[in-house]
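Structural characterization, general
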Amino acid sequence: MSATVSFTAPTPHGPQRVTVAYARVGTGEPLLLLHGIGHHRQAWDPVVDILATERDVIAVDLPGCGRSPALPDGLPYDLTTMNAVLGAFCAELGLDRPHAAGNSLGGLLALELGRENLVRSVTALSPAGFWTRAERRYAFGVLMGMRATAQRLPLPLVERLSRSAAGRTALTSTIYARPGRRSPEAVVAETLALAGAEGFFETLRSGRSVQFTDDVPGMPVTVAWGSRDRLLLPRQGIRAKHAIPRARLVRLPGCGHVPMNDDPALVARVVLDGSRAQEASALRTSLSTVAL
C-alpha cells in the first residue's frame, strides 16, 4: 500500500507540520526502511517482498526525497530534526519501536533512532558517519557530481541509456556493483529522484560535521558493508565496529554501496537476522524472568 501522511513533529524549532510518503506491506513486527541521500523508497524494492514474509514493512520517502515534500522552511535536515520527524511518523502510524534498517544516510538515521531507543533493533547498510574528513569530502564530491549529471541529462537520453546494460552502468555504477541487474524503469525513476530531491544540498550541508562515535547500547545492531562499495569505502565498517563494540559486522561480498539490488537474498537475510536477534534477546529475558 502506498500512502501519504501528515502529522505534527515536535522539532527543536517548535511543532511543525510534516508530510511523508511511504509504502506498507506484509505482516509481523514492524520494520522501518530508510534510504540514502537523493534516493527514494523504491531502492528497497528488490528485498521488500522477502522481508514482508516476516515483517510489516514500512518503506519511507525521507523528507525532500521521492514523493515526500521538503521540510518546512527554516527546519534543518540535521539528525536532531530527522529523529523528531521519524519518531513522530512512527507515532502517527501506531508503530511501537519498530525494527529499523537503513542504507547510507538511512543507515546513519537508523543508528540515531537506536541511540535514542526509538527502535528495537538496527541494521545499517554502509551507514554514513564513520568517515575521515578526506573520505567525507570524496563522498560528497561524488554525490554532487551524480546530482549534477542527473539534472543535466534530458529525460529521453536517460530513457535511452537505461535500455542497455552499458547505459545502466554509466548511470548507476557508483552505487551498484551490478548495475546491469537494475531494471530500466528503476534506473529512470531513481535518476529523476536524484535530480528532483529538494533536500539534497541541505542534507549535505548538515552532514559536514557528522561523525558517529557513540555506542548504541541495549539493542541488537548489525552493520553490513558491500565489499565493492565505491562511495563509502568498506574500511569504514571497522570504525563502526570500534564505535559500537557489540555490533555484528557483516561483509556483503560483491555488493556496492546500495546492496539491495546487487544481492537481494543476502541483504534480506542480513536484515531479518538482525531483527530476529531482538526477538531472541526478548525471549531469553522472558525465560529468565519466569525462572526467577
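Reading the values: rules and limits
- Residues numbered from 1 in each chain as written.
- Predicted model: local features only at pLDDT ≥ 70, side-chain atom pairs only at ≥ 80, totals over all residues.
- Heavy atoms only, no water.
- 1 Å grid on protein atoms, 1.4 Å probe; cavity = no way out; pocket = protein on both sides within 12 Å on 5 of 7 lines; lining within 4 Å.
- Points joined across faces, edges and corners; volume = space filled by probe spheres on them.
- Helix = DSSP H or I, 4+ residues; strand = E, 2+ residues; numbered from the N terminus.
- Phe/Tyr/Trp six-rings, centres within 6.5 Å; stacked < 30°, edge-to-face > 60°.
- Salt bridge = Lys/Arg side-chain N within 4 Å of Asp/Glu carboxyl O.
- Buried < 20%, exposed > 50% of the residue type's maximum accessible area, 1.4 Å probe, protein only.
- Polar contact = N/O pair within 3.5 Å; in protein donor to acceptor, adjacent residues only side chain to side chain.
- Contact = heavy atoms within 4.5 Å.
- pLDDT = per-residue confidence, 0-100.
- Axes fitted to C-alpha atoms, helices over the stretch in contact; angles between N-to-C directions.
- Parallel < 35°, antiparallel > 145°, perpendicular 65-115°, else oblique.
- Nonpolar A, V, L, I, M, F, W, Y, C, P; charged D, E, K, R; others polar.
- Pairing = 2+ DSSP bridges.

1. Quick word on empty space enclosed by the protein
In the structure shown here, the tally under the stated rule is 1 cavity of 30 Å³ or more. Each pocket or cavity is described by its volume, and for the largest cavity that value is around 290 Å³. What lines the largest cavity is a set of 24 residues, and nearest its centre among them are Ile 37, Leu 105, Leu 108, Thr 203 and Gly 207. Every element with two or more residues in the lining of the largest cavity is listed here: α2 (79–92), α3 (105–115), α4 (133–152) and α8 (200–207). In terms of residues, the lining of the largest cavity owes the most to one element, α8, which gives 4 residues.

2. Here's the deal with the packing of aromatic side chains
Each aromatic ring pair is described using two quantities: the centre-to-centre distance and the angle formed by the ring planes. The tally for this structure, following the rule as stated, stands at 5 aromatic pairs. Taken together, a centroid distance of 6.2 Å and an interplanar angle of 55° make the contact between Phe 7 and Phe 89 tilted. Residue Phe 7 is located in strand β1 (residues 2–11), and its partner Phe 89 is located in helix α2; the two are separated by 82 residues in the primary sequence. On the basis of an interplanar angle of 90° and a centroid distance of 5.2 Å, the ring pair of Phe 200 and Phe 201 is categorised as edge-to-face.

3. Points about the pattern of salt bridges
This structure, assessed with the given rule, holds 11 salt bridges. A salt bridge links Asp 214 to Arg 115, with the nearest nitrogen and oxygen atoms 3.5 Å apart. Separated by 99 residues along the polypeptide, Asp 214 in the loop between α8 and β7 (221–226) and Arg 115 in helix α3 bring together distant segments of the chain. Across the pair Arg 239 and Glu 135 runs a salt bridge, and its minimum N-O distance is 2.6 Å. Of this pair, Arg 239 sits in helix α9 (residues 236–243) while Glu 135 is found in helix α4, placing the two residues 104 residues apart along the sequence. Looking at Arg 239, the relative accessible area reads 28%, which means it is partly exposed. Of the residues examined, Glu 135 reaches a relative accessible area of 7% and is grouped as buried. If you follow the salt bridges from partner to partner, you end up with Glu 112, Arg 115, Glu 116 and Asp 214 in one network.

4. Examining the side chain of Glu 112
Within the secondary structure, Glu 112 is located in helix α3. On the basis of relative accessibility, which here comes to 7%, the residue Glu 112 falls in the buried class. At 2.8 Å, the side chain of Glu 112 forms a polar contact with the side chain of Arg 115. In this view, Glu 112 contacts Leu 79, Asn 83 and Phe 212; residues no more than four positions away in its chain are not counted.

5. A word on the confidence of the model for the protein
When the pLDDT values of the protein are averaged, the result is 93; 95% of them are 70 or greater. Predicted confidence is poor over residues 282–292, with pLDDT under 50, and the contacts of this stretch with residues over four places away or in other chains come to 0 contacts.

6. Details of the packing of helix α5 (residues 155–162) against helix α6 (residues 165–172)
Relative orientation of the contacting elements α5 and α6 amounts to 120°, with a least axis distance of 6 Å. Taken together, α5 and α6 sit at an angle that is classed as oblique. Taking contact as the criterion, the partners of Val 158, Leu 161 and Ser 162 in α5 are, on α6, Gly 167, Arg 168 and Leu 171. Its residues placed into classes, the contact of α5 with α6 shows 3 nonpolar, 2 polar and 1 charged.

7. Observations regarding the pairing of strand β2 (residues 14–25)
Note that β1 and β2 share 10 bridges and pair antiparallel. Among the inter-strand pairings, Ser 2 is bridged to a residue of β2, identified as Ala 23. Joining the antiparallel neighbours β1 and β2 is a turn of 2 residues.

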